[in-house]
Amino acid sequence: IDLFQDLIRAAARETGQRSLHNPSLNVIADHIRACSFLIVDGVIPGNEGRGYVLRRIVRRAIRHGYKLGQKQPFFYRLVEDLDVAMGAAYPELSEAKTRVAQILRQEEERFAETLEHGMGVLEGALASGEKLLDGETVFKLYDTFGFPVDLTGDVCRERGVMLDMAGFEAAMQAQRERARAASRFSMAGGLAYTGDKTDFVGYDRLESRGRVTALYREGTAVGELNAGETGVVVLDSTPFYAESGGQVGDRGELVGPAGTFAVVDTQKIQADVFGHHGAQSTGRLKLGDELGARLDTVARGRTMLNHSATHLMHAALREVLGKHVQQKGSLVDANRTRFDFSHSQPVSAEEIRRIEARVNDAIRRNIDVQARIMKFDAAIKAGALAFFGDKYGEEVRVLSMGDVSTELCGGTHVRRTGDIGFFKISSESGVAAGVRRIEAVTGDGALAWVQAQEAQLHDAAAALKAPAGEVGVKIAQLLDNARALERELAKLKSRLAAGQGADLTLQAVDVKGAKVLAATLDGADAKTLREAMDRLKDKLKPVAIVLGSVADGKVSLVAGVSSELTGKLKAGELVNHVAQQVGGKGGGRPDMAQAGGNDPARLPEALQSVRAWVEQRLGGGSLPDTGN
């Protein structure tokens, strides 16, 4: 009870409440506990499974803060209070509190804008006084603003309003129908098969014999395939791995008594039925033919290296970044491994070096790689990782690499980690909120990548006329020199503009007691135009000025109006008058404004129009005497 009261006080502090008896504070206090421990357990906000449950809880807490008048992110700051209250009993909370707060803050900031807009839509709908909120509005809040239906329901219950759930479900069903219609073409690729399952022998063999049990051409079952025709072949036994668990399908060839079928991909038609996709390159293939199935051994070998390295990298990521890292997706082929995982911030260069070091250390140890079939529950109890939302049967394949990695995996792998040879991370990026992506290469691919990087370094060194080891220093020197030259150029431009500006004062004309100047400054950038305009305003008061320049086919404009004239002339209107004639627009303050355009040829004519525009605006009134 004391613990809960501490959290209620913290929620009141962050939402600016004096009374501790507002029910919304209870909700916030309860939800910070639930959300924090879910994140400690490795869950991140998302749109599926536990991630969606977490997102709904976070958003409900944010909504109650919003209800209390707190429009800024606040929920994440309660993590520290939770740690004070519960960290001693749950040390894993103390270890992860910084990451927990980061994830909650990201989720708050992401939801803040949509919450404000969504609440506006909801308040508008409730203002009608109706006691039933229509399903279309409930659906719009859900689909457009990310409002979970129970969040909308919370608000409505507080107002004594019911939800039209039948209407909501109808709108949801209509969306599903639209999605199905959009995907109808791809779904047409499903093949009807009622025969025996495929016996996969590819863990131990790269070549085997198999009998054709089904043939398909353009999605329809056929009795034969002839030379030049594309199709799908099903065998009773095959060494070809069908794409699954992130590993791409094998390619190779099926050699029959009357011709050869070139396999470009292998996909599952059903869970235990493999379809060999490709084209009949020679001769003819018929149902019942006995074939020789031969893999592209080079592609399979490289894919195996990359897949085994992915397991080592997953283990290294969890060691270096933390146990919250979980696989969120992967793609393993002959060229690289691409691995998506839960992590709330970019992986630093130092962390990448540590990950690479751990993986390459495991490779040098040449650990024996073992695969076992186990009961699912026994595998999990033995420490096997089961991520990525895969559906598992009662028995699973467990892949172990000594004391480094144990995961459930049906893919193909090396015999020993030393077979991988070398591992190198080639890129790191973000792909979604709380999800990072690493791409890496192994073996010959890693060597080729390093050699390509080395070649680029040597090319840069040759261009810089410096040893490869001094390229960084040389580039830093060049950047310093470039910045110095840029500063000197800016000074010269300023002096040039000042010189031109002195001459430009002679071009100013009198209009209704004010000076008007519209001119070009050759070679001036926007900064130089502004500086020249400021100097001319000081010299020519009262004055209206438009200065222009052209560079790289683009027009830069700046307008200035001295304070005596801003009652009748606005710099923003003046610069827009000119900009519209040169294909642009702009704006700014009454006394200074900027614009651009893309029609330099019309600049002289546009500047000539300034005098008449100012004369029209000033009309017949007189101006105060400035003493100039």
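Here the structure is a predicted model, which is why all the values come from computation and not from measurement. (Residues numbered from 1 in each chain as written. Predicted model: local features only at pLDDT ≥ 70, side-chain atom pairs only at ≥ 80, totals over all residues. Heavy atoms only, no water.)

Remarks on the overall build of the chain
A tally of regular secondary structure across the chain gives 18 helices and 25 strands. Relative to the globule expectation of 25 Å for 628 residues, the C-alpha radius of gyration of the chain, 35 Å, shows a markedly less compact shape. By its C-alpha atoms, the chain is 105 × 70 × 50 Å across when sized along the principal axes. Of all 628 residues assigned to the chain, the portion counted as buried reaches 44%. (Helix = DSSP H or I, 4+ residues; strand = E, 2+ residues; numbered from the N terminus. Rg over C-alpha atoms; globule rule 2.2 N^0.38 Å. Buried < 20%, exposed > 50% of the residue type's maximum accessible area, 1.4 Å probe, protein only.)

Structural notes on the sheet that holds strand β17 (residues 405–408)
On the basis of which strands lie adjacent, the open sheet formed by three strands has the order β15-β16-β17 and antiparallel pairing. Each of the sheet's edge strands pairs with one partner strand only, and the pair in question is β15 (369–375) and β17. Between one strand axis and the next, the sheet turns through 25° on average, direction left out of account. Bridge analysis of β15 against strand β16 (residues 395–401) gives seven bridges, and the strand direction is antiparallel. Counterpart to methionine 374 in the pairing with β16 is valine 396. (Pairing = 2+ DSSP bridges. Axes fitted to C-alpha atoms, helices over the stretch in contact; angles between N-to-C directions.)

Describing the pattern of salt bridges
Enumeration over the complete set of coordinates arrives at 38 salt bridges. The partner of arginine 294 in a salt bridge is glutamate 253, and the shortest N-O contact between them spans 2.4 Å. A residue pair is termed long-range when its members are at least 10 positions apart, and arginine 294 in strand β12 (residues 290–295) and glutamate 253 in strand β9 (residues 252–255) qualify at 41 residues. Residue class for arginine 294 comes out partly exposed when judged on its relative accessible area of 34%. Put simply, aspartate 361 and arginine 364 hold a salt bridge, and the shortest N to O gap is 4.0 Å. A residue pair is termed a helical-turn pair when its members lie 3 or 4 positions apart in one helix, as aspartate 361 and arginine 364 do in helix α11 (residues 349–364) at three residues. Several salt bridges converge on common partners, so that one network encompasses Arg13, Glu14, Arg77 and Asp81. (Salt bridge = Lys/Arg side-chain N within 4 Å of Asp/Glu carboxyl O.)

Concerning the confidence of the model for the chain
One rule of thumb: low pLDDT means the predicted coordinates there are not for detailed reading. On average, residues of the chain score 88 in pLDDT, and 94% of them reach the 70 mark or higher. Confidence, expressed as mean pLDDT per element, reaches its minimum in the chain at helix α9 (residues 184–187) with 34 and its maximum at α11 with 97. Across residues 182–189 the pLDDT falls below 50, and counting only partners more than four positions away or on other chains, this stretch makes zero contacts in the model. Contacts for the low-pLDDT stretch residues 621–628, under 50 throughout, to residues beyond four places or in other chains number 11 contacts. (pLDDT = per-residue confidence, 0-100. Contact = heavy atoms within 4.5 Å.)

So, the pairing of strand β25 (residues 592–597)
In terms of strand pairing, strand β23 (residues 554–561) meets β25 through six bridges, oriented antiparallel. Bridging across to β25, valine 558 finds its partner in glutamine 594. Relative to β25, strand β24 (residues 585–588) runs antiparallel, the two sharing four bridges. Bridging across to β25, glycine 588 finds its partner in alanine 593.

Considerations on the nonpolar core
One finds Phe75, Leu104 and Phe147 to be the most contacted residues of the largest nonpolar core, which totals 54 residues. For this core, the secondary structure elements donating two or more residues are α1 (2–15), α2 (23–40), α3 (49–67), α4 (78–86), α5 (91–126), α6 (135–145), α7 (149–158) and α8 (165–182). With 11 residues, the top contributor of residues to this core is α5. Excluding residues that lie within four positions of it along the chain, phenylalanine 75 makes contacts with Ile28, His31, Ile32, Cys35, Val58, Ala61, Leu104 and Glu108. Formed by 30 residues, the second largest nonpolar core is a distinct cluster that contains Val347, Ile355, Ile363 and Val414. (Core = buried A, V, L, I, M, F, W, Y, C linked by side-chain atoms within 4.5 Å.)

Focus on the domain arrangement of the chain
What the domain assignment lists for the chain is domain 1 (3–181), domain 2 (199–295), domain 3 (302–450) and domain 4 (499–619). One C-alpha centre belongs to domain 3, the other to domain 4, and the line joining them spans 63 Å. (Domains from an automatic or database assignment.)

A closer look at the packing of α2 against α4
Orientation of α2 relative to α4, taken along the N-to-C sense of each, is 80°, at an axis distance of 10 Å. Taken together, the axis directions place α2 and α4 in an arrangement best described as roughly perpendicular. Only Leu78, Val79, Leu82 and Met86 of α4 make contact with α2, whose side of the interface consists of Ile28, Ile32, Arg33, Ser36 and Phe37. Across the contact of α2 with α4, the residue classes break down as seven nonpolar, one polar and one charged. (Parallel < 35°, antiparallel > 145°, perpendicular 65-115°, else oblique. Nonpolar A, V, L, I, M, F, W, Y, C, P; charged D, E, K, R; others polar.)

A look at helix α13 (residues 443–464)
With 22 residues, α13 extends 32 Å between its outermost C-alpha atoms, agreeing within 8% with the 32 Å of an ideal straight helix rising 1.5 Å per residue. Buried within α13 we find Gly443, Ala446, Ala461 and Leu464. The arc that holds every buried residue of α13, seen down its axis, measures 90°, which confines them to one face. Projecting away from the buried face of α13 at angles above 90 degrees are the exposed residues Asp444, Gln456, Asp459, Ala462 and Ala463. One or two steps after α13, the chain reaches lysine 465, where phi turns positive at roughly 55°. (Expected span 1.5 Å × (residues − 1). Arc of directions from axis to C-beta.)

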